[in-house]
Amino acid sequence: MTISPIDRAAAGTPHGVARRIRGLSDRTIAWIFVAPTIFLLLAVNIFPLIWTIRLSFTDYRVNRPNNEVSWVGLRNYERILSDPAIWDTMQATAHFLIWTIILQVLIGFTLAYLINMKFKGNDLWTTIIVFPMMLSPAVVGNFWTFLYQPQIGLFNYVVAFFTGADAASFSMIGDVHLAPWAIIIVDTWMWTPFVMLICLAGLRSIPDSIYEAAECDRASKWRQFWTITVPMALPFLMLAVLFRGIENFKMFDLVVQLTGGGPGNTTTLTSIDLKREAFERWRTGYSSAYAVILFVTVFGLASIYVKALNKVKQR
Amino acid sequence: MSFSVTEPRMGTKWLAGILVVGYAIITMVPLLWIIATGFKSPNDSIAYPPVILFEPTMEGYVNLFTDRTRATPQMLKDAGPPETWYDEIAQNRGTVITGPSRYGERFLNSVIIGFGSTALCMILGTAAAYAFSRFRVPLKDDLMFFILSTRMMPPIAVAIPIFLMFRNLGLSDTHLGMILLYTAVNLSLSVWLLKGFIDEIPVEYEEAALIDGYTRFQAFYKIVLPQAATGIASTAIFCLIFAWNEYAFAVLLTSGNAQTAPPFIPTIIGTSGKDWPAVAAGATIFLIPVMVFTILLRKHLLRGITFGAVRK
């Protein structure tokens with residue numbers, strides 16, 4: 001039987017002495033170390049959240065501090081859920097969410113698959129591809145409006161060059177049909193590297209021996225791809241989708257700079273709509289209820305998704 | 001030379017390489033275009049077809065850093081010959097420089113708030129991560145999940161009460177307010193990442209130190225901190241980049257005094273319409289540091305963006 005050195009040392013010194021040598025007890029140190037973090041998070045995250053929930057049952061307006069605030073019960077929630085305009089924003093958000101995820105998964109996985117062939121210099125090119133996602137979405141989004149200018153923009157020029165259409169004949173951010181795609185294109189440009197990096201980690205985690213075994217069994221490359229590569233990379237892919245889903249559900253900075261929610265309400269995602277209600281129309285109580293609904297939605301969807309993810313992982 | 005059945009053929013590798021390099025070049029075009037536009041004259045920046053070869057000028061940068069006013073011929077005559085190269089550029093456009101623009105201040109705000117919040121976040125985050133990694137903290141998993149869940153909230157949703165709270169505490173539009181806010185937002189990332197890094201350091205080192213008579217605190221800063229240095233550094237860079245890029249809180253909670261660069265850069269306008277070279281110049285100066293950091297971080301990128309969920 002072996003006794004760990006610590007036990008031996010502890011057994012050798014009387015209790016009081018050990019305490020003086022070691023200083024504070026581990027338990028105290030643990031609390032000293034954790035408490036500031038928890039305190040700050042409570043103050044800046046949880047306290048505001050509780051305040052939001054409280055405000056959501058009132059008709060408080062920040063810009064009219066002298067008005068008497070009254071409790072309105074669930075009326076804010078009723079009004080939001082029965083407002084057709086909100087469902088339009090939800091639809092715009094869903095359209096944005098679904099298409100960015102589809103495009104980013106397809107392009108990101110393909111890139112990861114290609115990079116995983118380990119051609120010369122793949123590290124360098126991976127780093128270059130990653131650049132867009134590290135940059136400020138607001139600053140970059142603002143510059144994309146320049147690329148999207150109908151007469152002078154580089155994007156329109158390139159499209160015109162390849163399709164033969166007139167570069168001045170279409171406006172990506174001014175046209176109700178094109179604007180939803182304009183934001184999808186920029187988001188895909190920015191965040192495909194994110195999906196790519198996670199997929200790459202997934203592909204690299206598959207041991208060569210599995211492919212070697214498949215090769216011995218004369219499985220075709222096509223078959224290997226669908227029965228080994230895809231299932232084994234799936235948990236990683238799903239994780240990437242989770243992150244992108246949460247991020248794009250919250251999407252604000254990039255789109256507000258690109259289109260500001262327009263033209264009309266075609267690119268008014270929920271966060272942009274919420275910002276208008278809260279900080280332009282100053283309907284604080286109403287927008288608090290809106291915020292609670294959004295939070296419950298993202299939290300609920302994320303929890304269901306994580307359950308599914310864990311099932312896939314266990315398989 | 002070893003031969004492996006799993007190794008792709010030479011031709012396949014070449015094809016993969018060409019496709020990836022092609023994508024990388026396309027994806028860099030908008031960024032290169034930002035850098036190039038910063039050195040274009042206003043006419044070159046809006047030329048059609050877009051010009052790739054042009055005569056570089058510093059006009060965009062001069063316009064970015066100065067306020068100018070349109071000058072009458074008399075005023076130009078009074079001003080005399082230009083004293084500096086930037087006066088000359090301004091006078092060639094029939095304007096005189098009236099003073100520095102706000103960009104310098106805004107950039108400095110970004111630096112102060114970015115570094116301030118990162119420093120605070122690392123101090124709090126390292127301590128909490130160490131405790132979560134080494135001690136039996138009651139409700140540890142719940143606390144860790146709580147820390148993570150704070151990241152799921154849309155910033156606008158929390159911004160309403162924070163706006164009210166800051167107004168009551170006199171923190172609106174102050175550096176301190178923004179530093180505290182960004183610290184809180186970044187704590188989830190730093191605690192999760194750092195816990196992962198500290199978990200990887202063998203406990204035996206500290207046990208040995210404790211036997212040699214170190215206190216817990218000494219063991220923490222003489223043994224664990226040096227071992228976790230790379231992890232701490234890369235976590236710090238991630239926090240810095242987040243604070244640097246943040247827009248939603250900055251645009252809602254700051255207006256003048258503590259406004260950072262991201263809400264400011266899109267508002268840069270020239271004397272006649274949008275001054276794209278100046279915007280591009282501002283963006284270039286703002287984006288280049290992040291690109292440098294990205295290169296430094298490349299080994300830990302994956303870990304950082306997934307909150308430590310995926311490790312290479």
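### Some remarks on the overall build of chain A
Each helix and strand counted, chain A has 14 helices and zero strands in total. Listed by position from the N terminus, the elements making up chain A come as α-α-α-α-α-α-α-α-α-α-α-α-α-α. Overall, chain A is about 85 × 75 × 35 Å in size when its C-alpha atoms are taken along their principal axes. Here chain A holds 315 residues, and the buried ones make up 38% of them. Put simply, 70% of the contacts in chain A that link residues at least 6 apart link residues at least 24 apart.

### Brief notes about the overall build of chain B
Looking only at helices and strands, chain B has 16 helices and two strands in total. For 312 residues, the compact-globule estimate of 2.2 N^0.38 gives 20 Å, and the C-alpha radius of gyration of chain B, at 25 Å, exceeds that figure by more than 25%. The dimensions of chain B, computed from C-alpha atoms along their principal axes, are 85 × 65 × 40 Å. When the 312 residues of chain B are sorted by exposure, 45% land in the buried category.

### Re the domain arrangement of chain A
Here the domain parsing of chain A yields domain 1 (5–55) and domain 2 (80–314). Each of domain 1 of chain A and domain 2 of chain A has a C-alpha centre, and these two points are 40 Å apart.

### So, the nonpolar core
Counting 156 residues, the largest nonpolar core has A:Phe143, A:Leu197, A:Ile198 and A:Cys199 as the members making the most contacts within it. In terms of residue count, helix H9 (residues 179–204) of chain A provides more of this core than any other element does, 16 residues in total.

### Quick word on the interface of chain A and chain B
Listed by partner, the interface residues are 81 residues for chain A and 85 residues for chain B. Broken down by element, the residue count for the side of chain A that touches chain B peaks at 15 residues, all from helix H3 (residues 26–55) of chain A. Tallied by class, the residues present in the side of chain A that touches chain B amount to 60 nonpolar, 13 polar and eight charged.

### Considering the domain arrangement of chain B
All names here are of chain B. Partitioning chain B into domains gives domain 1 (11–101) and domain 2 (104–305). For domain 1 and domain 2, the distance between their C-alpha centres works out to 32 Å. Listed per partner, the contact involves 15 residues of domain 1 and 13 residues of domain 2. Sorting the residues of the side of domain 1 that touches domain 2 by element identifies helix H1 (10–38), helix H2 (42–45) and helix H3 (59–65) as the ones contributing at least two each. Among the elements that take part in the side of domain 1 that touches domain 2, H3 stands out by supplying six residues, more than any other. In the side of domain 1 that touches domain 2, the residues fall into seven nonpolar, five polar and three charged.

### As for helix H11 (residues 216–227) of chain B
Residue and element names in this part refer to chain B. Compared with an ideal rise of 1.5 Å per residue, which puts 12 residues at 16 Å, H11 spans 15 Å between its outermost C-alpha atoms and is within 8% of the ideal. Of all the residues in H11, the buried ones are Arg216, Ala219, Phe220 and Val224. The arc that holds the buried residues of H11, viewed along the axis, is 100°, so those residues lie on one side. Turned more than 90 degrees away from the buried face of H11 sit Tyr221 and Pro226, all of them exposed.

### Considering unusual backbone geometry
Excluding glycine, residues mostly carry a negative phi; peptide bonds, for their part, are mostly trans. All names here are of chain A. The step from Gly262 to Pro263 runs through a cis peptide bond, and the omega angle for that step is -5°. Here Pro263 lies in the loop between helix H12 (253–258) and helix H13 (270–279). Look at Trp282: it is not a glycine, yet its phi comes out positive at around 60°. Within the element layout of this structure, Trp282 appears in the loop between H13 and helix H14 (284–314).

### With respect to the packing of helix H12 (residues 229–245) of chain B against helix H15 (residues 276–297) of chain B
All names here are of chain B. Packing of H12 against H15 leaves a shortest axis separation of 11 Å and a crossing angle of 155°. Our classification of the angle between H12 and H15 gives roughly antiparallel. Taken as a pair, H12 and H15 cross one another with a handedness that is left-handed. Taking contact as the criterion, the partners of Ser234, Ile237, Ile241 and Trp244 in H12 are, on H15, Val290, Phe293, Leu296 and Leu297.

### Section: helix H8 (residues 155–169) of chain B
Along an α-helix, residues three or four apart share an orientation, since each turn contains 3.6 residues. Under the 1.5 Å per step criterion, the end-to-end length of H8(B) is 20 Å for 15 residues, consistent within 8% with the ideal 21 Å. Buried-residue contacts for H8(B) involve H3, H13 and H14 of chain A together with helix H9 (175–199) and helix H13 (248–253) of chain B. Of the residues one or two after H8(B), B:Gly170 is the one with positive phi, at around 70°.

### Some words on the confidence of the model for chain B
A residue-level look at chain B finds 97% of positions with pLDDT of 70 or above and a mean pLDDT of 87. We note a pTM of 0.88 for the whole complex and an ipTM of 0.88 for its interfaces.

### Looking at the environment of A:Ala30
Note on placement: A:Ala30 falls in helix H3. The buried category is assigned to A:Ala30, around which 23 C-beta atoms lie within 10 Å. Sequence spacing of A:Ala30 and A:Ile86 is 56 residues, and the spatial spacing of their C-alpha atoms is 46 Å. In this view, A:Ala30 contacts B:Ala131, B:Phe135 and B:Val137; residues no more than four positions away in its chain are not counted.

### Examining the packing of H1(B) against H15(B)
All names here are of chain B. At their nearest, the axes of H1 and H15 sit 7 Å apart, and the two run at 120° to each other. By the angle class used here, H1 and H15 are oblique. Once H1 is placed against H15, the crossing between them reads as left-handed. Every residue of H15 that contacts H1 at Ile34, Ile35, Thr37 and Gly38 is listed here: Trp276, Pro277, Ala280, Ala281, Ala283 and Thr284. Counted by class, the contact of H1 with H15 contains seven nonpolar, three polar and no charged residues.

Cut-offs used in this document
- Residues numbered from 1 in each chain as written.
- Chains lettered and ligands numbered in written order.
- Predicted model: local features only at pLDDT ≥ 70, side-chain atom pairs only at ≥ 80, totals over all residues.
- Helix = DSSP H or I, 4+ residues; strand = E, 2+ residues; numbered from the N terminus.
- Buried ≥ 20, exposed ≤ 12 C-beta atoms within 10 Å, placed from the backbone.
- Contact = placed C-beta atoms within 7 Å.
- Rg over C-alpha atoms; globule rule 2.2 N^0.38 Å.
- Domains from an automatic or database assignment.
- Core = buried A, V, L, I, M, F, W, Y, C linked by C-beta atoms within 7 Å.
- Nonpolar A, V, L, I, M, F, W, Y, C, P; charged D, E, K, R; others polar.
- Expected span 1.5 Å × (residues − 1).
- Arc of directions from axis to C-beta.
- Axes fitted to C-alpha atoms, helices over the stretch in contact; angles between N-to-C directions.
- Parallel < 35°, antiparallel > 145°, perpendicular 65-115°, else oblique.
- Left-handed = near helix turned anticlockwise from the far one by under 90°.
- pLDDT = per-residue confidence, 0-100.

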